[in-house]
Amino acid sequence: MKSALITGITGQDGPYLAELLYEKGYRVYGLIQGQNNPKAARLAETHPYVEILSGNLLDLSSLMRAFSAAEPDEVYNLGAISFVAYSWENARLTTDVTGGGVLNVLEALRFYQDQTGKQVRFYQASSSEMFGKVQEVPQRESTLLWPRSPYAVAKVYGHHLTINYRESYGLHASSGILFNHESPRRGQEFVTRKVTQSVARISLGLQDRIALGNLDAERDWGFAGDYVEAMWLMLQQHEADDYVICTGESHSIRDLLTIAFNEVGISDWSHLVYSDPKFFRPAEVDHLIGDASKARDKLGWSPKVSFEQLVRMMVQNDVDEQSKLSTGTRS
Ligand code: NAP
Ligand code: G4F
């Protein structure tokens, strides 16, 4: 039985990846931070097969203990401070966790390999945010990186460190350069979920309007459930490598609003959305669109869920969730 260790198990992607690995017969370990993290109990309820280990990306010794306990064949480093807007307000913390955390995991992995002689495969959650002020359209693995936020700068550090450890120590270390991916489990601070939840609440009479920032930004949005399969496929290859994972389609926040409101029967949303300067960013990433040809050719990976299906799935989920909350029933 193979063993996998996932950092970031309480985020959006962690539970999807845990489900995939469990279905494939892995023993799944998840790293959880904090002395009484409320997400631990929720995870134990929804994913009882995940063996929870206590640890923090900032604490190398906790990671070394996690390696000893999990004896992993594969390690997926999904843990990060991942909200771009937050990274300007907490630049040091973001740098340490999202960037420095990668160094700690790689060092713990190297130590574990040296001690046990076991080969461990490593996945780093790199990001399309690294392309920032894009230097090529569409973006591919070879596109010059131009990060536009402390978060993106930290991700560039983790990305290059992963490549460097592969080249320096021969580690089986791969980076997935994932474009935005969403789901009903997406955090409420990100624009897709903020929109789908607000639209659900407006349709139920629980909210009047949505305050947003830049409606012209465009993203290549896919479904998280599709993207975790690409992570796993990368670690099944003989050679470690870096892969862009995306849909190859781009949409604006306006497109997102149109589909989301349409799902609840509202065709004109202009009076339901207003602009709030606090949601604009000091430096914006205007337009992301990727080219996943390498992943398609080498991994045999392609996305299954379209943007429209994704948004409708998220709105339906939020309508159900908000209806239950408003009538006092817990989901
Ligand atoms: P997410 O929902 O924000 O989850 C982040 C996870 O990291 C949470 O489990 C969080 O734990 C954990 N974490 C934060 N600080 C930590 C620390 N100091 N020590 C240990 N764990 C810590 O992110 P996601 O959307 O699942 O994304 C997974 C990864 O892919 C992230 O690295 C993200 O940057 C990257 N990525 C995401 C996307 C996307 O569109 N979703 C695209 C490209 C790359 P708590 O729950 O306890 O805070
Ligand atoms: O949903 P967002 O916050 O995601 P963003 O910044 O693209 O980052 C996400 O995807 C990255 C992959 O490219 C990940 F690496 C990262 O961890 C995260 O998962 O914002 C998307 C766009 C931005 O252009 C933002 O300015 O939506 C725009 N936006 C407009 N109004 C808003 C809002 N974003 C948020 N969060 N909230 C708003 O009110």
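No experiment lies behind these values; they were computed from the predicted model shown. (Residues numbered from 1 in each chain as written. Chains lettered and ligands numbered in written order. Predicted model: local features only at pLDDT ≥ 70, side-chain atom pairs only at ≥ 80, totals over all residues. Heavy atoms only, no water.)

**Structural notes on the site of ligand 1**
At step 1: With respect to spatial proximity, 26 residues lie near ligand 1, and among them Thr10, Lys39, Asn56, Ser82 and Tyr151 are the closest.
At step 2: Contact between ligand 1 and Ala80: an oxygen atom at 3.1 Å from a main-chain N or O atom of the residue.
At step 3: In this structure, a nitrogen atom belonging to ligand 1 sits 3.2 Å away from a side-chain N or O atom of Arg186.
At step 4: Computed on the free molecule, ligand 1 has an accessible area of 900 Å², of which 89% lies beneath the protein chains in the complex.
At step 5: For the shell around ligand 1, the secondary structure elements donating two or more residues are strand 5 (121-127) and helix 6 (150-169).
At step 6: Considering every element that reaches the shell around ligand 1, the biggest residue donor is strand 5, with 3 residues. (Near = heavy atom within 4 Å. Polar contact = N/O pair within 3.5 Å; in protein donor to acceptor, adjacent residues only side chain to side chain. Areas by Shrake-Rupley, 256 points an atom, 1.4 Å probe, with all protein chains shown as cover. Helix = DSSP H or I, 4+ residues; strand = E, 2+ residues; numbered from the N terminus.)

**Some words on the side chain of His159**
At step 1: With respect to the secondary-structure elements, His159 resides in helix 6.
At step 2: Within polar-contact distance, the side chain of His159 engages the side chain of Ser175 at 3.2 Å.
At step 3: Those residues in contact with His159 that sit more than four places away from it in its chain are Ser126, Met130, Leu145, Ser175, Ile177 and Asp242. (Contact = heavy atoms within 4.5 Å.)

**Looking at the packing of aromatic side chains**
At step 1: Considering all chains together, one arrives at 9 aromatic pairs under this definition.
At step 2: Each ring, one from Phe67 and one from Tyr112, has its centre 5.8 Å from the other, and the planes form 50 degrees; the classification is tilted. Taken as a pair, Phe67 in helix 3 (residues 60-70) and Tyr112 in helix 5 (residues 91-116) lie far apart in primary sequence, 45 residues in all.
At step 3: Classification of Phe67 by relative accessible area gives buried; the value is 2%.
At step 4: The interplanar angle of 35 degrees and the centroid separation of 5.9 Å between the aromatic rings of Phe131 and Phe179 together place this pair among those described as tilted. In this pair, Phe131 sits in the loop between strand 5 and helix 6 while Phe179 sits in the loop between strand 6 (172-178) and strand 7 (181-182), placing the two residues 48 residues apart along the sequence.
At step 5: Residue Phe131 is classed as buried on the basis of its relative accessible area of 0%.
At step 6: In this structure Phe179 comes out as buried when scored by relative accessible area, which is 0%.
At step 7: In this structure, Lys194 is placed above the aromatic ring of Phe279, and the distance from its NZ or CZ to the ring centre is 3.3 Å. (Phe/Tyr/Trp six-rings, centres within 6.5 Å; stacked < 30°, edge-to-face > 60°. Buried < 20%, exposed > 50% of the residue type's maximum accessible area, 1.4 Å probe, protein only. Lys NZ or Arg CZ within 6 Å of the ring centre and 35° of its normal.)

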